[in-house]
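Here is what each chain is made of, one letter per residue.
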Amino acid sequence: MYQLRFVTQTYQRRGGIVTAVDDCNLEIPDNDFVAIVGPSGSGKTTLLSVLGGMLAPTSGAVLLDGKSLYSLTVEQRTALRKEKIGFVFQSFNLVSWLTALENVQIPLMLAGKSAEQQQQRARELLDRVGLSDRVNHRPAELSQGQQQRVALARTLANDPQVILADEPTGNLDNDTRQQVMSYLAEFHSDGRTIVIVTHDQQTAEFARRTIRIVDGVTQDVSMAEVA
């Protein structure tokens, strides 16, 4: 479970202070599926970065399973991310000179798995996202939808408890967006907590609940209100 207590994140910009997240109190239970929506510049990605242990808030506390993320050392926080949190990005973040199989192997290699274990797990995950026939293709040889599915497979490599996705369908056409979101819904059915940032209502409709953020202020809303 995530708990955000009076979390505020500010930036210095052009001699002034910009409040990206303003006194946020939020709970995200285990196995929740949350969409964070709001206009451009509203603080969505900042909030996701705070949840991911990548950006210490200016004030307030962020707890994951009762542990205060930002009371941990950088090394401890890095270890916790490797163990519990997977990330999906709009830009896929694949290594261009590696094959799909090798890209999925990266977190397994960093976790100290043997080469045989890496390959077996990576092949299983690529098969799960329908890419068993593309394991030896590099990103440039894949469509954008296929690249995002490789990224999804890589996210699952260390079996994370939480998946944080920043505009995971932002570069995709409608059919491919539906496909990627169906996979995320499937991962949620496995028991994982999913938090996505999106500007797209159809993408948000896959979530169980929606958090709207405007000028840094968060509000729990229903899909009816989003529409």
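Keep in mind that this is a model prediction, so the values were computed, not measured.

## Examining the confidence of the model for the protein chain
- Across the protein chain, pLDDT averages 90, with 97% of residues at or above 70.
- Mean pLDDT across the elements of the protein chain bottoms out in helix H8 (residues 223–226) (47) and peaks in strand S8 (residues 193–197) (96).

## Re the environment of aspartate 173
- Within the secondary structure, aspartate 173 is located in the loop between strand S7 (162–166) and helix H6 (174–189).
- Once the C-alpha coordinates of aspartate 173 and glycine 145 are considered, the two residues, 28 residues apart in sequence, prove to be 8.4 Å apart.
- Within the local environment of aspartate 173, its side chain forms a polar contact with the side chain of threonine 176, the two groups lying 2.7 Å apart.

## Some details on the packing of aromatic side chains
- Going through the model one piece at a time under the given rule, you end up with one aromatic pair.
- Both rings, one in phenylalanine 87 and one in phenylalanine 89, keep their centres 6.2 Å apart while their planes meet at 10°; by these two values the pair is stacked.

## A look at the sheet that holds strand S10 (residues 217–221)
- Across the sheet, six strands lie side by side as S6-S7-S8-S3-S9-S10; this open sheet has mixed pairing. Across the chains shown, the open sheet's two edge strands, defined by having one partner strand only, are strand S6 (85–89) and S10. Adjacent strand axes in the sheet meet at a mean angle of 20° when their direction is disregarded.
- Across five bridges, the pairing between S6 and S7 is parallel.

The rules behind these values
- Residues numbered from 1 in each chain as written.
- Predicted model: local features only at pLDDT ≥ 70, side-chain atom pairs only at ≥ 80, totals over all residues.
- Heavy atoms only, no water.
- pLDDT = per-residue confidence, 0-100.
- Helix = DSSP H or I, 4+ residues; strand = E, 2+ residues; numbered from the N terminus.
- Polar contact = N/O pair within 3.5 Å; in protein donor to acceptor, adjacent residues only side chain to side chain.
- Phe/Tyr/Trp six-rings, centres within 6.5 Å; stacked < 30°, edge-to-face > 60°.
- Pairing = 2+ DSSP bridges.
- Axes fitted to C-alpha atoms, helices over the stretch in contact; angles between N-to-C directions.

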